[in-house]
2 protein chains.
Amino acid sequence: MISLDFISFQQHKDLSKYEDKKEKIKDLLTNSHEMLDWYDIDKCITEEEIIKIETLSETIRKECDVFLVIGIGGSFLGAKAVIEALGTYFTSNKPEIIFAGNNLSEEYLNKLLDYIRDKNVVLNVISKSGDTLETKIAFNILYKFIKSKYNQEEIKKRIIVTTDATNGSLRWFANENNLVSLNIPKQIGGRFSVLTTVGLLPIAVAGYNIRKLLSGARKNNYDSAFKYACVRDYLYNHGKVVESFTYYEPKLSSFSEWLKQLFGESQGKNKKGILPISCFNTQDLHSLGQFYQDGNPIIFETIIGLKQKGILPSSINNYMVSDINSLAVEKVAQAHLLAGIDSNIIYLDSLNEENLGELIYFFELAAAIGGYLLDVNPFDQPGVNEYKRLLNEALK
Amino acid sequence: MISLDFISFQQHKDLSKYEDKKEKIKDLLTNSHEMLDWYDIDKCITEEEIIKIETLSETIRKECDVFLVIGIGGSFLGAKAVIEALGTYFTSNKPEIIFAGNNLSEEYLNKLLDYIRDKNVVLNVISKSGDTLETKIAFNILYKFIKSKYNQEEIKKRIIVTTDATNGSLRWFANENNLVSLNIPKQIGGRFSVLTTVGLLPIAVAGYNIRKLLSGARKNNYDSAFKYACVRDYLYNHGKVVESFTYYEPKLSSFSEWLKQLFGESQGKNKKGILPISCFNTQDLHSLGQFYQDGNPIIFETIIGLKQKGILPSSINNYMVSDINSLAVEKVAQAHLLAGIDSNIIYLDSLNEENLGELIYFFELAAAIGGYLLDVNPFDQPGVNEYKRLLNEALK
């Protein structure tokens, strides 16, 4: 269960001007326009696809050492966020999940090749268009590696293509080579795709229950998401141009990266938008904390807190370590409010599939609603093209 | 060698008003005021201490599986930054360096205890005051673990205390128990302490050459750092309230965390300051990239680029993967400039000890100069105390 205490640590805000928009925006979301299929979980994934993913992942989990996910942006951030959040520190999943094709570091690719040389590898390449530069470069190099290691029949078991059902070079490649493939829904953009084949296969291979993830997402907290979106919009209109996604459990690091893309791409356009950043406490209290408390007051915080029962005693009175972490969530928000920095707090009672599904869908809703409030299209990303144009020109 | 092309991708800026400050600020730095000993590398560390660290680390490297560094903020960010930047992907240092005491996650500590149970462990606890809450909690738990595992004589070899030479509870504890200890210079604050005993022991234990790191730092690029500080200040005064430290090699991730503390704490005060954030490209071009290119134009970028000779061919024309990464640095800066987003680019010809030392000292200089330009004290952090006060009150 998640609970949204996002008025706990704020100065009073008059949100009445938003009231008449509540049903209007819900209509916009419901009456399925372009790129809105993520709103309906049944359009994210079919029962048939779930079974296909479960069957595939069962086989992979039995045989494979390393499951390589090749993709960038929305093609990997969601899966990485969930797998890391559900993971345990200091031990790897079996199979180990490694992400590639999300950067252009030559050393990273080279060392990856060394690392997997003698391992049993399955490769999942993910790109809707099939044209993404980083994914293409990494996939070509890793495909060469797979071809040098396995015969034709083996290769077919070792490459899974996740792409558009009908279009693009990756779809063509999968059909041509008779590879196992999964379809990415046409009307869902990358940053809203974690609950589609894109995210669900890697998450299932990592050993997590994708049905629970989906059932969490189905809770659809529209009212809460709307309120959170209004608070954000209100703060933005009052000079708070940066939103810090703050977490107190290190394994939420990739979740905050997923949030950055979701909000950054959905609302950062037309010279507008709240800049999403991340903050890991209590580490960053000894780093950015000074700025938050006492610097340029352009920030507000959205905090993910855990209310878990602890078992490890600290050396302080009768407090468990986890109690002190929970107390820090509250006291830091209080300290920041004294400096005029507002906080929304979202509490989870535990990091499990169901809560993460609920949380993911909550933020997807809020990002879409926030885009409408800001009067921008929450589902395009025109600004991503400029550097691609210049880079592709230079590479000719 | 590092090269600072920080005017490559900027609109023309008239920096003449800063000229008369150049020598004045240099005087401020040279005529050693409070907390300025970091400016003189000979005051960061003595030859005697270097030899002590080298001897200690040699023994530790021979025998130990896990070297646990317990500290938060400036007590670990610098060492982590250097060790990660010099590391190779997919393989750990031997001994493995693990950081703890930088957060209050109970699960992290619990899993850490499981992980080290049957390993040969040496523990380095770092806190100048000895009073840091997170460090204290983690150290007490891990000290209990050490005591349960080793006898009195062994314990003395397995705990190294890095703290103030004369004051604080950790100094008292070290003396009382006859533990090996290292002194933190009194006139150097946490965020400027990576080139002291604080950072140098963990870096040496990880197997890196601390003499080369120090000789890089001695290059003292004051003129370049001054120019960079002026550009930052100019941009800040023209509405650019956020500085993105952008890197194109994933192993610079912790380096960007070190930068956030350095600049956030040095300048984020009196309701002023540039908010430091980090950005990992090309990953984040498919995430925050949309915002940078097309969103609220409040950002400028400081980019760390690598100019390394590549060996891994890409599938695109005759380009090595590393060539495409270098080209991306340039083309992204060009694309951003078209949208009014300025970039400073710092090129390194390779990630080695000497370059990192030079880079560290360059940024320390810039953070201090920037503080003076902003008319704040770059060496205090009064805002860190408010949450501590509230939390300590609640814990009573």
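Residues numbered from 1 in each chain as written. Chains lettered and ligands numbered in written order. Predicted model: local features only at pLDDT ≥ 70, side-chain atom pairs only at ≥ 80, totals over all residues. Heavy atoms only, no water.

Here we look at the interface of chain A and chain B
Stated precisely, the cut-off is as follows: Between two residues, a contact is recorded if the distance between any of their heavy atoms is within 4.5 Å. Put simply, buried area is how much 1.4 Å-probe accessible surface two parts lose in total, over both of them, once they are put together. Within this document, salt bridges are pairs made up of a side-chain nitrogen of Lys or Arg and a carboxyl oxygen of Asp or Glu, the two lying within 4 Å of each other. What qualifies as a polar contact is a pair of N or O atoms within 3.5 Å, subject to a donor-acceptor requirement within protein and to the restriction that residues adjacent in sequence count only when both atoms come from side chains. What counts as a helix is a DSSP run of H or I of at least four residues, what counts as a strand is a run of E of at least two, and both are numbered from the N terminus.
At the interface, 105 residues of chain A touch 104 residues of chain B. Contact between chain A and chain B buries roughly 8600 Å² in total, counting both sides, with carbon and sulfur atoms accounting for 65%. Between the two partners, chain A and chain B, sit two salt bridges. At the boundary of chain A with chain B, the tally comes to 46 residue pairs in polar contact (both at pLDDT 80 or more). When contributions to the side of chain A that touches chain B are tallied by element, the ones reaching two or more residues are helix 5 (106-116), helix 6 (133-149), helix 12 (253-267), strand 8 (275-280), helix 13 (289-294), helix 14 (321-338) and helix 16 (385-395) of chain A. The element best represented in the side of chain A that touches chain B is helix 14 of chain A, accounting for eleven residues.

Considering the packing of aromatic side chains
Spelled out, the test is: Under the pairing criterion, centres of Phe, Tyr and Trp rings, with the six-membered ring standing for Trp, must be within 6.5 Å; the plane angle then separates stacked pairs below 30 degrees from edge-to-face pairs above 60, leaving the rest tilted. Burial status follows relative accessibility: with a 1.4 Å probe on protein chains alone, a residue under 20% of its type maximum counts as buried, one over 50% as exposed, and anything between as partly exposed. Note on geometry: a ring has a charge over it if NZ (lysine) or CZ (arginine) is within 6 Å of the ring centre and within 35 degrees of the ring normal.
Taken as a whole and judged by the stated rule, the model has 48 aromatic pairs over all chains. On the basis of an interplanar angle of 35 degrees and a centroid distance of 5.3 Å, the ring pair of F245 of chain A and F263 of chain A is categorised as tilted. A residue pair is termed long-range when its members are at least 10 positions apart, and F245 of chain A in strand 7 (residues 242-247) and F263 of chain A in helix 12 qualify at 18 residues. Each member of the pair F245 of chain A and F263 of chain A is classed as buried. Here the aromatic rings of F192 of chain B and F379 of chain B are separated by 5.4 Å at their centres, their planes lie at 65 degrees, and the arrangement is edge-to-face. Of the two residues, F192 of chain B is situated in the loop between strand 6 (180-184) and helix 9 (197-205) and F379 of chain B in the loop between helix 15 (353-374) and helix 16 (385-395); the sequence distance between them amounts to 187 residues. Judged by relative accessible area, F192 of chain B falls into the buried class, the value being 2%. Residue class for F379 of chain B comes out buried when judged on its relative accessible area of 10%. Aromatic ring contacts, followed pair by pair, group Y228, F245, F255, W258, F263, F362 and F363 of chain A into a single cluster. Above the face of the Y150 of chain B ring, R158 of chain B is positioned so that its terminal group lies 4.0 Å from the ring centre.

Here we look at the side chain of K260 of chain A
By the element assignment, K260 of chain A lies in helix 12. Setting aside residues up to four positions removed in sequence, K260 of chain A forms contacts with E265, P276, I277 and S278 of chain A together with S278, S287 and L288 of chain B.

Observations regarding the confidence of the model for chain A
Where we set the bar: Residue-level confidence of the predictor is what pLDDT reports, using numbers from 0 through 100.
Confidence in the prediction of chain A, expressed as mean pLDDT, is 95, and 98% of residues score 70 or more. For this predicted complex, the interface score ipTM comes out at 0.97, alongside a pTM of 0.97.

Examining helix 5 of chain A
For clarity, the cut-off: This arc is built from the directions going out from the helix axis to the C-beta atoms.
When helix 5 of chain A is considered as a whole, its buried residues turn out to be E106, Y108, L109, L112, L113 and I116 of chain A. Axial view of helix 5 of chain A: buried residues confined to an arc of 165 degrees, hence all on one face. Residues of helix 5 of chain A that are buried in the fold lie against strand 2 (66-70), strand 3 (96-100), strand 4 (121-126) and helix 6 of chain A together with helix 14 (321-338) of chain B. Two to three positions downstream of the cap, the backbone nitrogen of E107 of chain A sits 3.5 Å from a side-chain oxygen, assigning the N-cap of helix 5 of chain A to S105 of chain A.

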